[in-house]
Amino acid sequence: MKVGLINYGMGNLHSVAKALEKAGGEVELVADAEALKQCDRIVLPGVGAFRDCIGALKASGMETAIRSEVNAGKPFLGICLGMQVLMDLSYEFGRYSGMGLIPGVVRGFPEDHAARGFKIPHMGWNDVIFSSEKEKHPVLQPLEGKQVYYVHSYCCMPENPDHLLAACSYGDYPFAAAIGRDNIVGVQFHPEKSQGAGLALLEAFLQWNP
Amino acid sequence: MLSKRIIPCLDVAHGRVVKGVQFVDIIDAGDPVEAAVKYDQQGADELCFLDIRASHESRDTLYHMVTEVAEHVFMPLTVGGGVKALSDIENLLHAGADKVSINTAAIFTPELVKEAAERFGSSTIVVAVDAKRVEDHWECFTHGGRKPTGINAVEWAKRMSDYGAGEILLTSMDADGTKNGYDIPLTRAVSDAITANVVASGGVGTLEHMAEGLKAGGADAVLAASIFHFGTYTIAEAKAFLAAQGIPVRI
């Protein structure tokens, strides 16, 4: 199982690569469209600012390459910022267009959050909450009852409720823990930093047949 | 609910774990990878590595150590010690650190914190504040607690938070190594003043101290070194105690 880990000069590739290897994947750092075609699955990691991430993906031509592979049905996992860039638009440090693969926007926590004693960024171990009315997504199933590691100040707000796969809550503010459709999954937390629960998610992603 | 974090801290020098009392009397406490794996198995929420003998010559040793640790444990790693420039931060992140702690350099070049937060994201940047009580307030010290700066520690933490630091690693030098508990008034003053996360450090001797730091001190996380290194308590014991006190922790 060859996993194409997108290398666009940002993010902590080392951690994600090691975790995917631990989960049983053969990892290839990918920075061009041709190499991406040879991979069975795509992982887009992300640390940093939205503007820089989408800018780097566009400048390197990887945005087009990812879109074409994803539209062809290749399983895709976006992590943290790699999930946020799936959306139409982000309001982080301005107003920036994303890849538009999942309709919706990215916004910060409410402005009075910190004043109410809820520190920003939302940093640490928190829940993955599933809707009782929906079937659990196969990639997320191992997270039932577990906490995972989040570090972020912005949240995805998908337009279509069907695209919300799991939620989390911080200071009574619910937000998307995971989103997706068809062959796309995005998670706000960091599986590569979530010890056993995170590795189990990566294993499930490697075995997933959407 | 967001859990309060328990962070074992490993002071390292020349690639080995060491432990000092009030920033002196360094003794050897073992191999960093072995310690990291042990804490991982115990359910630590994060790990913190501080290179207390950071020098230009020992940089490569530190990068190598971080890479090795990151290959064995899958939890957040904060690394600090001798970080002076954006390139140091970049190197540590590439080596496998998730967060980089800046201390002395922030005092001399506060703009470094702003630039680092813009470039690498707030969640990546930690500012370590070493504070000591001076008359009616707390003052920042640098160089591992040896040099006074004349800077008010609470105001400084506020400025660093405003500059984009996602976390303040707050060490009371009066309390450090005493095992008499965190400096609660200091922790509370900083926690109330800033939007960034606060990690309480210095002085923990009992599990009760941890509960105080999180409750009375208002800290988001507690850091401890010797009580874990020398096996006084395991992380699991600490979490069970805190949970019994009604503090949200990840079991």
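In the nomenclature of an unreviewed UniProt entry, chain B corresponds to Imidazole glycerol phosphate synthase subunit HisF from the organism Mariprofundus ferrinatatus. We quote the UniProt Catalytic activity (unreviewed entry) comment for chain B here in full: "5-[(5-phospho-1-deoxy-D-ribulos-1-ylimino)methylamino]-1-(5-phospho-beta-D-ribosyl)imidazole-4-carboxamide + L-glutamine = D-erythro-1-(imidazol-4-yl)glycerol 3-phosphate + 5-amino-1-(5-phospho-beta-D-ribosyl)imidazole-4-carboxamide + L-glutamate + H(+)". What UniProt states about chain B under its Sequence similarities (unreviewed entry) heading is, verbatim, "Belongs to the HisA/HisF family."

If you look chain A up in an unreviewed UniProt entry, it shows as Imidazole glycerol phosphate synthase subunit HisH from Mariprofundus ferrinatatus. The UniProt entry for chain A carries the following text under Subunit (unreviewed entry): "Heterodimer of HisH and HisF." Note on chain A: under the UniProt heading Function (unreviewed entry), the record states "IGPS catalyzes the conversion of PRFAR and glutamine to IGP, AICAR and glutamate. The HisH subunit catalyzes the hydrolysis of glutamine to glutamate and ammonia as part of the synthesis of IGP and AICAR. The resulting ammonia molecule is channeled to the active site of HisF."

Draft legend 1. Summary view of the interface of chain B and chain A. Taken together, the contact pairs 39 residues of chain B with 28 residues of chain A. When the buried surface of chain B facing chain A is broken down by residue, B:Leu2, B:Phe74 and B:Arg250 rank first, second and third, together holding 29% of it. At the boundary of chain B with chain A, the tally comes to 3 salt bridges. One salt bridge connects B:Asp220 with A:Lys119, and the closest N-O pair in it is separated by 3.3 Å. Between chain B and chain A we count 19 residue pairs in polar contact (both at pLDDT 80 or more) in total. Looking at the side of chain B that touches chain A, the elements that each hand over two or more residues are α2 (59-72), α3 (86-95), α5 (111-120) and β11 (197-201) of chain B.

Draft legend 2. Expanded view of the sheet that holds strand β11 (residues 164-170) of chain A. All names here are of chain A. Taken together, the 7 strands give an open sheet; going across it, the order is β2-β1-β3-β4-β13-β12-β11, and neighbouring strands pair in mixed fashion. Two strands lie at the open edges of the sheet, namely β2 (26-30) and β11, each paired on one side alone. Each neighbouring strand pair of the sheet contributes to a mean axis angle of 20°, computed without reference to strand direction. Strands β1 (2-6), β2, β3 (41-44) and β4 (76-79) of the sheet are contacted by helix α1 (residues 13-22), whose axis makes an angle of about 165° with β1. Across the sheet, helix α6 (residues 195-207) touches β1, β3, β4 and β13 (184-187), and the angle it forms with β3 is around 145°.

Draft legend 3. Local environment of the sheet that holds strand β7 (residues 104-108) of chain A. Residue and element names in this part refer to chain A. The strand order across the open sheet built from 4 strands is β6-β5-β7-β10, with neighbouring strands paired in mixed fashion. Whereas interior strands pair on both sides, the edge strands pair on one side only; in this sheet they are β6 (96-97) and β10 (154-158). Relative to β7, strand β5 (residues 89-90) runs parallel, the two sharing 2 bridges. Pairing of Leu 89 across the sheet is with Val 105, part of β7.

Draft legend 4. Region of interest: the packing of helix α8 (residues 207-215) of chain B against helix α10 (residues 235-244) of chain B. Residues and elements named next belong to chain B. Viewed as axis vectors pointing N to C, α8 and α10 meet at an angle of 55°, and their least axial separation amounts to 10 Å. It follows from the interaxial angle that α8 and α10 lie oblique. Taken as a pair, α8 and α10 cross one another with a handedness that is right-handed. Residue-level inspection shows Leu 207, Glu 208, Met 210, Ala 211 and Leu 214 of α8 in contact with α10, the latter providing Glu 237, Ala 238, Phe 241 and Leu 242. Among the residues making up the contact of α8 with α10, the classes are represented as 7 nonpolar, no polar and 2 charged.

Draft legend 5. Layout of the UniProt feature "active site" (unreviewed entry) in chain A. UniProt marks A:Cys80, A:His190 and A:Glu192 with the feature "active site" (unreviewed entry), using the numbering shown here. Spatial clustering of the annotated residues is evident: they stretch over 113 residues in sequence, but the largest pairwise C-alpha distance comes to 10.9 Å. When you line up the elements, A:Cys80 lands in the loop between β4 and α5 (81-84). Once residues within four sequence positions are removed from consideration, A:Cys80 is found in contact with A:Gly46, A:Val151, A:Val187, A:Gln188, A:Phe189 and A:His190. Here A:Glu192 lies in the loop between β13 and α6. If near-sequence neighbours (up to four positions away) are discounted, A:Glu192 is found in contact with A:Ser15, A:Val16, A:Ala19, A:Ile79, B:Phe74 and B:Met75. Side chain to side chain, A:Glu192 and A:His190 meet in a polar contact 2.8 Å long.

Draft legend 6. Here's a closer look at the UniProt feature "active site" (unreviewed entry) in chain B. Residues and elements named next belong to chain B. The UniProt record marks Asp 11 and Asp 130 with the feature "active site" (unreviewed entry), using the residue numbering of this structure. Here Asp 11 lies in strand β1 (residues 5-13). At 3.1 Å, the side chain of Asp 130 forms a polar contact with the side chain of Asn 103.

Draft legend 7. Highlighting unusual backbone geometry. Residue and element names in this part refer to chain A. A cis amide bond links Ile 120 to the next residue, Pro 121, at an omega of 5°. Counting through the fold element by element, Pro 121 comes out in the loop between β7 and β8 (122-127). Although it is not a glycine, Phe 93 adopts a positive phi angle of roughly 50°.

Draft legend 8. Main features of the packing of aromatic side chains. Tallied over the entire structure, the rule returns 9 aromatic pairs over all chains. With 5.5 Å between their ring centres and 75° between their planes, A:Phe109 and A:Tyr170 make a pair best called edge-to-face. Remark: A:Tyr170 occurs in strand β11 and A:Phe109 occurs in the loop between β7 and β8; sequence separation between them is 61 residues. Neither A:Phe109 nor A:Tyr170 differs from the other in exposure class; each is buried. Centre to centre, the rings of A:Phe205 and A:Trp208 are 6.3 Å apart; their planes meet at 45°, and the pair counts as tilted. One exposure class covers both A:Phe205 and A:Trp208, and it is buried. Ring-pair connections join several aromatic residues into one group, and the members of that group are A:Phe109, A:Phe118, A:Tyr150, A:Tyr170, A:Tyr173, A:Phe175 and A:Phe189. For A:Arg107, the ring lying beneath its charged end belongs to A:Tyr91, and the centroid distance is 4.4 Å. Positioned above the aromatic ring of B:Tyr163, the side-chain terminus of B:Lys114 is 4.5 Å from the ring centre.

Draft legend 9. Focus on the environment of B:Lys158. Residues and elements named next belong to chain B. Structurally, Lys 158 is set in helix α6 (residues 153-162). With 32 residues separating them along the chain, Lys 158 and Val 190 place their C-alpha atoms 7.5 Å apart. Contact partners of Lys 158, with chain neighbours within four places excluded, come to Ala 193 and Ile 194.

Basis of the calculations
Residues numbered from 1 in each chain as written. Chains lettered and ligands numbered in written order. Predicted model: local features only at pLDDT ≥ 70, side-chain atom pairs only at ≥ 80, totals over all residues. Heavy atoms only, no water. UniProt positions renumbered as here; feature names shortened; annotations may be inferred. Contact = heavy atoms within 4.5 Å. Buried area = accessible area lost by both parts, 1.4 Å probe. Salt bridge = Lys/Arg side-chain N within 4 Å of Asp/Glu carboxyl O. Polar contact = N/O pair within 3.5 Å; in protein donor to acceptor, adjacent residues only side chain to side chain. Helix = DSSP H or I, 4+ residues; strand = E, 2+ residues; numbered from the N terminus. Pairing = 2+ DSSP bridges. Axes fitted to C-alpha atoms, helices over the stretch in contact; angles between N-to-C directions. Parallel < 35°, antiparallel > 145°, perpendicular 65-115°, else oblique. Left-handed = near helix turned anticlockwise from the far one by under 90°. Nonpolar A, V, L, I, M, F, W, Y, C, P; charged D, E, K, R; others polar. Phe/Tyr/Trp six-rings, centres within 6.5 Å; stacked < 30°, edge-to-face > 60°. Buried < 20%, exposed > 50% of the residue type's maximum accessible area, 1.4 Å probe, protein only. Lys NZ or Arg CZ within 6 Å of the ring centre and 35° of its normal.

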